[in-house]
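Next come the chains, spelled out residue by residue.
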Amino acid sequence: MERLESLTDEQRKLALTLAGKTKEDAYELNEASWDVVREPGRTGADYELALAQAEAEDRLNQSDDMRNTLGVAQYRSGKYQEAIETLIKSERASSDGIAARDDLPFLAMAFYKAEKPVEAKKRFDQLARILAQSQTKDEEMVAWSHEVESVFGVMLQSNPPQ
């Protein structure tokens, strides 16, 4: 917590006090981080604190769900290469070579922001195919899809390339 430069003095003091009194629980850390990173538009300090929580949670429990939170926190904190390294693990573990559905929007955006257009486009097209096949009504996925469209500056096609 002491290295997080974007935290206010009050936030840093509170975080250090809580850290000294609280036994780390991976599930609680993951939930606290996820509540912040699931949506764009929060402050840098909010995302830095959420990233610290996700990093602590990852040290305690390296499950796929919690790895997603870490990758999204890294993305939201502007650590695009780290986000790629974290989120691509689900792609490498997949039999079809496609990242987990909840990782894919952030993996596409992280590649885009890391100025890796070929890799970004590949994940963008994979996401478009998945969304076209599933016709999801999941509010988070719909919101993330709009965020991807905003980052890329183009709409996810209803009939993406095969």
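See the structure above.
Within any chain, residue numbers begin from 1 and follow the written order of that chain's sequence. At least 70 in pLDDT is required for a residue's local features to be given in this predicted model, at least 80 for side-chain atom pairs to be given and counted, and no such filter applies to totals for whole chains, interfaces and linings, which use all residues. Excluded from the side-chain calculations are hydrogens and water; all other atoms, namely the structure's heavy atoms, are used.

Undergrad: Could you give an account of the overall build of the protein chain, with specific residues and numbers?
TA: We count a stretch as a helix when DSSP gives it H or I for four or more residues in a row; a strand needs E for two or more, and each element gets its number in order from the N terminus. Looking only at helices and strands, the protein chain features eight helices and zero strands. Walking the protein chain from its N terminus toward its C terminus, one meets helices and strands in the order α-α-α-α-α-α-α-α. Each residue gets one of three labels from its accessible area relative to the maximum for its type: buried under 20%, exposed over 50%, partly exposed in between, using a 1.4 Å probe on protein chains only. Burial statistics for the protein chain: of 162 residues in total, 44% are counted as buried. Pairs at least 24 residues apart make up 59% of the contacts formed inside the protein chain by residues separated by at least 6 positions. Computed with the Shrake-Rupley method and a 1.4 Å probe, the accessible areas treat only the protein chains shown as cover for residues. By element, 49% of the accessible surface of the protein chain is carried by carbon and sulfur atoms, the whole surface being about 9,200 Å². Here a residue-residue contact requires only that any non-hydrogen atoms of the pair lie within 4.5 Å.

Undergrad: Can you lay out helix α7 (residues 117–134) for me, pointing to particular residues and giving the numbers?
TA: End to end, α7 covers 25 Å across 18 residues, agreeing with the expected 26 Å (1.5 Å per residue, within 8%). Residues A120, R123, F124, D125, Q126, L127, A128, I130 and L131 constitute the buried set of α7. For α7, the secondary structure elements touched by its buried residues are α5 (80–93), α6 (104–113) and α8 (139–152). Two residues or fewer after α7 comes Q135, characterised by a positive phi angle close to 50 degrees. The length a helix should cover is 1.5 Å for every residue beyond the first.

Undergrad: Mind laying out the packing of helix α4 (residues 64–76) against α5, listing which residues take part and the relevant values?
TA: The description of two packed helices rests on the angle between their axes and on the distance between the axes. At a minimum axis separation of 8 Å, α4 and α5 run at an interaxial angle of 160 degrees. By the angle class used here, α4 and α5 are roughly antiparallel. Judged by the twist between their axes, the crossing of α4 over α5 is left-handed. Packed against α4, whose contacting residues are R67, N68, L70, G71, V72, Q74 and Y75, the element α5 presents Y80, E82, A83, T86, L87 and K89 at the interface. Fitted lines through C-alpha atoms give the axes, limited to the stretch in contact for helices. The angle between two N-to-C directions lies from 0 to 180 degrees. When an angle is under 35 degrees it counts as roughly parallel; over 145 it counts as roughly antiparallel; between 65 and 115 it counts as roughly perpendicular; any other value is oblique. Note on convention: the crossing is left-handed when the near helix lies turned anticlockwise from the far helix by less than a right angle, right-handed when the turn is clockwise.

Undergrad: Just give me the short version of the environment of V148, but keep the residues and values in it.
TA: On the secondary structure map, V148 appears in helix α8. With 24 residues separating them along the chain, V148 and F124 place their C-alpha atoms 8.0 Å apart. For V148, the residues in contact, after removing those within four places along its chain, are P105, M109, F124 and L127.

Undergrad: Give me the lowdown on the environment of D65, citing residues and values where you can.
TA: Among the structural elements, D65 can be located in helix α4. As for D65 and D102, which are separated by 37 residues in sequence, their C-alpha atoms are 9.1 Å apart.

Undergrad: Explain the nonpolar core to me, using residue names and the numbers behind them.
TA: Residue types Ala, Val, Leu, Ile, Met, Phe, Trp, Tyr and Cys, when buried and joined through side-chain atoms within 4.5 Å, form a set referred to as a nonpolar core. Ranked by internal contacts, the top residues of the largest apolar core, which has 35 residues, are V37, Y75, F106, L107, L127 and F152. Contributing elements (two or more residues each) for this core: α2 (26–37), α3 (44–60), α4, α5, α6, α7 and α8. A per-element tally of this core places α6 first, with seven residues. Discounting residues that sit within four places of it in the chain, V37 has contacts with Y47, A50, T69, V72, A73 and R76.

Undergrad: Run through α3, naming residues and quoting values.
TA: A turn of α-helix holds 3.6 residues, and therefore any two residues three or four places apart point the same way. Taking 1.5 Å as the rise per residue, α3 with 17 residues should run 24 Å; its terminal C-alpha atoms sit 24 Å apart, in good agreement. Taken together, the buried positions of α3 are occupied by A45, Y47, E48, A50, L51, A52, Q53, A54, A56, E57 and D58.

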